[in-house]
Amino acid sequence: MFDTNAFLIPLDKRRALIVSDSEWGLDELEGLLVTMGGECVERTLLTKHRIDPKTYLGSGKLEELRKQMDELELDLLLVDFDLSPSQLKNVEKITQKLVLDRSGIILEIFNRHARSKEAKLQVETARLQYLMPRLTNLWSHFERQRGSGGGALKGKGMGEKQIEVDRRLVKDRLTHLRRKLVEVEASRDLHRRQRESILKVALVGYTNAGKSTLLNALTKSEVLVEDALFATLDASVRLLTPKARPAVLAIDTVGFIDRLPHGLVASFRSTLGEVLEADLLVHVLDGSSEEVQRHCEVTMKVLAELGAHQIPMLLVFNKMDQCKKTQMLKIWANGLYRETLDANEIAMQNLNGAEPPRFHIPKEGAALFKPVFLSALDLSQVSQLRERILSIFDSQLEIYELVVPFEDGKTVSQIFDLSRVEVRRPLETGTFFRIRTLPEFAARINVKRYQA
Ligand SMILES: Nc1nc2c(ncn2[C@@H]2O[C@H](COP(=O)(O)OP(=O)(O)OP(=O)(O)O)[C@@H](O)[C@H]2O)c(=O)[nH]1
Ligand SMILES: [Mg+2]
């Protein structure tokens, strides 16, 4: 029996040195490590450095890091870039420490947080693909994990034999996982089709922006909220509450992060397929973060990669209760929404000498609505957001009038499901309805038959 747990990289209580070439990179990596129960003891900010093809950082720099780690008794080197399998091997050789790169730690977190069957299958696939070429290198850690210290295979050269076995096991497991995924995807497509006749709003955004908190507030439900990176890995789907007419589904999605590992993007493409089905994207941003502009750019980029950039979008700046630069943020966000900001307008806003907004987000084609600023913890603000979402949908609804014969109960129930009834009055020939709905829903109800 294959046990993937034997291939977990133990991070609990690790004492780490973190290396990045940006402050935000260090912060983000530290956040990832803390989420996994490790501790960042030392941070190294790289200033100008040349990428060494063999070790990425160069052997001199690595020697220096090793000494520093020995002195501080650190056992994990966490680097904010992706190392090839051979680079990883060389870095471990020089430092004599457990080394993890950006993709490596993100994969460990995804692995720990996957809940649904599908997410588990996707993450395990991505992880094993990542580990496969690195097995030789990480083998000693796994061996310790198994607590066998070699066991029956003890002896010189036995490690290599075990690695051979492991590699074959991993390969078989991957084949098995792929087969399972196809099955799960088929059953999800079925559910998805059943939801076709409902308006959908997907909450998307950088990890930890507050998507799940907002979903809970909008739908009065209890999806897991955590001050952790990647708390959500499954698309949770809930009806807006109180129920809207026509009904609106809100979908919570996995958070994005800068430089998401390749394997993960590929394996989450199907989960994120939910995003592509949405009629509206609510792009949630942590308005209190210094990094809000970069978060916004990353999310826009991933959405474009997924092919979701054509879906209308409403930007929601969350955590305004904690925001220290509200005015700057509003100027920047409103500038985005209108694409350009008049120079006079900037001058009129009292910027106190601060730089005007620099970032520009491409938004090819899709409508971008006037942004909303709120705190997901403030229920009256959330209910205003709900109204806003409904009013955006309302603008796409059309009015139809029809008389449904009394005996056609099926159409009457479809009308209540798929539209908002504004007038309902019994006539001699049947019931008169004035309804508001999407043209495609009207076609599905087949209103033409009974049009007044
Ligand atoms: N102060 C404040 N905290 C908030 C607000 N909204 C969310 N949070 C907190 O932010 C943290 C992350 O919230 P989540 O809702 O889990 O974020 P998420 O976007 O779903 O995160 P992932 O699922 O990890 O991508 C939690 O600790 C929330 O309590 C807000 O408006 N104000
Ligand atoms: Mg979440």
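Structure's up top.
The structure reproduced in this document is the subject of the present report. (Residues numbered from 1 in each chain as written. Chains lettered and ligands numbered in written order. Predicted model: local features only at pLDDT ≥ 70, side-chain atom pairs only at ≥ 80, totals over all residues. Heavy atoms only, no water.)

When you go through the protein chain residue by residue, the secondary structure sums to 16 helices and 13 strands. Going through the 452 residues of the protein chain one by one, you find that 52% of them count as buried. With the model as given, the accessible surface of the protein chain reaches about 22,000 Å², and the carbon-plus-sulfur share is 51%. (Helix = DSSP H or I, 4+ residues; strand = E, 2+ residues; numbered from the N terminus. Buried < 20%, exposed > 50% of the residue type's maximum accessible area, 1.4 Å probe, protein only. Areas by Shrake-Rupley, 256 points an atom, 1.4 Å probe, with all protein chains shown as cover.)

A positive phi angle, near 55°, is found at Glu73, a position not held by glycine. The topology assignment puts Glu73 in the loop between helix H2 (59-72) and strand S3 (76-79).

To continue, consider the packing of aromatic side chains. Ring pairs (aromatic) are described by centroid distance and by the angle formed between their planes. Going through the model one piece at a time under the given rule, you end up with 3 aromatic pairs. An angle of 15° between the planes, with centres 4.1 Å apart, marks the rings of Tyr56 and Phe81 as stacked. Of this pair, Tyr56 sits in the loop between strand S2 (39-45) and H2 while Phe81 sits in the loop between S3 and helix H3 (85-95), and the two are 25 residues apart along the sequence. The pair Tyr56 / Phe81 is uniform in exposure class, with both members buried. Across the ring face of Tyr130, the terminal group of Arg134 is positioned such that the distance to the ring centre comes to 4.0 Å. Its guanidinium or amino end placed over the ring of Trp24, Arg294 lies 3.3 Å from that ring's centre, counting from NZ or CZ. (Phe/Tyr/Trp six-rings, centres within 6.5 Å; stacked < 30°, edge-to-face > 60°. Lys NZ or Arg CZ within 6 Å of the ring centre and 35° of its normal.)

Strand order in the open sheet formed by 4 strands is S2-S1-S3-S4, and the pairing between neighbours is parallel. Strands with a single pairing partner mark the edges of an open sheet, and in this sheet they are S2 and strand S4 (98-100). Ignoring strand direction, the axes of neighbouring strands in this sheet form an average angle of 20°. Taken together, the 3 bridges between S3 and S4 define a ladder with parallel strand orientation. Residue Leu77 lies in a different strand from S4, and its bridge partner there is Val99. Packing of H3 onto the sheet brings it into contact with S3 and S4, and relative to S4 it is tilted by some 145°. (Pairing = 2+ DSSP bridges. Axes fitted to C-alpha atoms, helices over the stretch in contact; angles between N-to-C directions. Contact = heavy atoms within 4.5 Å.)

Turning our attention to helix H14 (residues 379-394). Between its first and last C-alpha, H14 extends 22 Å over 16 residues, near the 22 Å set by a 1.5 Å rise per residue. Val382, Leu385, Arg386, Ile389, Leu390, Ile392 and Phe393 are the residues of H14 that are buried. Each buried residue of H14 lies within a common arc of 155° when the element is viewed along its axis, so the set occupies one face. Regarding H14, its N-cap is Asp378, as a side-chain oxygen of that residue lies 3.0 Å from the backbone nitrogen of Ser380 further along. (Expected span 1.5 Å × (residues − 1). Arc of directions from axis to C-beta. Polar contact = N/O pair within 3.5 Å; in protein donor to acceptor, adjacent residues only side chain to side chain.)

Further remarks concern the pattern of salt bridges. Pairing between side chains of opposite charge can happen when the charged atoms of each approach one another. Applying the stated criterion across every chain, the model contains 26 salt bridges. In this structure, Arg127 engages Glu108 in a salt bridge whose closest nitrogen and oxygen atoms are separated by 3.1 Å. In this pair, Arg127 sits in helix H5 (residues 117-131) while Glu108 sits in helix H4 (residues 102-113), placing the two residues 19 residues apart along the sequence. Of the two residues, Arg127 and Glu108, neither departs from the other in class, the shared state being buried. (Salt bridge = Lys/Arg side-chain N within 4 Å of Asp/Glu carboxyl O.)

Below, the discussion takes up the sheet that holds strand S12 (residues 420-426). Pairing is antiparallel in the open sheet, where 3 strands are placed in the order S11-S13-S12. One side of each edge strand has no neighbouring strand; the edge strands of this open sheet are strand S11 (398-404) and S12. Each neighbouring strand pair of the sheet contributes to a mean axis angle of 15°, computed without reference to strand direction. Where S11 lies against strand S13 (residues 431-437), 7 bridges are found, and the strand directions are antiparallel. Looking at the pairing, Tyr400 lines up with Ile435 of S13.

As a further point, take the side chain of Ser419. Its location among the elements puts Ser419 in the loop between helix H15 (409-418) and S12. The buried category is assigned to Ser419, whose relative accessible area is 1%. Among the polar contacts listed, one links the side chain of Ser419 to the backbone oxygen of Ile415, at a separation of 2.6 Å. Discounting residues that sit within four places of it in the chain, Ser419 has contacts with Arg245, Pro246, Ile435, Arg436 and Thr437.

Its 13 residues give helix H1 (residues 23-35) an end-to-end C-alpha distance of 18 Å, which sits within 8% of 18 Å, the value for a rise of 1.5 Å per residue. Of all the positions in H1, only Trp24, Gly25, Leu26, Glu28, Leu29, Leu32, Leu33 and Thr35 are classed as buried. Summarising the contacts, the buried residues of H1 are in contact with strand S1 (15-20), S2, S3, H4 and helix H11 (292-306). Remark: Gly37 follows H1 within two positions and exhibits a positive phi of approximately 85°.

Okay, the environment of Thr95 next. Positionally, Thr95 belongs in helix H3. Among the residues examined, Thr95 registers a relative accessible area of 0% and is labelled buried. With residues up to four places along the chain from it excluded, the contact list for Thr95 reads Leu62, Arg66 and Leu77.

Contact geometry of H2 with H3 gives a least axis separation of 9 Å together with a crossing angle of 45°. Considering the angle they form, H2 stands oblique to H3. Note on packing geometry: the crossing formed by H2 with H3 is right-handed. Where H2 approaches H3, its residues Ser59, Leu62, Glu63 and Arg66 are matched on the opposing element by Val91, Ile94 and Thr95. Of the residues contributing to the contact of H2 with H3, the split by class is 3 nonpolar, 2 polar and 2 charged. (Parallel < 35°, antiparallel > 145°, perpendicular 65-115°, else oblique. Left-handed = near helix turned anticlockwise from the far one by under 90°. Nonpolar A, V, L, I, M, F, W, Y, C, P; charged D, E, K, R; others polar.)

Moving on, we come to the nonpolar core. Of all hydrophobic cores here, the largest spans 72 residues; its most connected members are Leu33, Ile105, Leu281, Leu303, Leu315, Phe317 and Leu329. No fewer than three residues from each of domain 1 (4-169) and domain 2 (195-394) sit in this core. With near-sequence residues (within four places) excluded, Leu329 lies in contact with Gly287, Val292, Phe317, Met320, Cys323 and Phe373. (Core = buried A, V, L, I, M, F, W, Y, C linked by side-chain atoms within 4.5 Å. Domains from an automatic or database assignment.)

It is worth stressing that arrangement in space is one thing and function is another; only the former is reported here.
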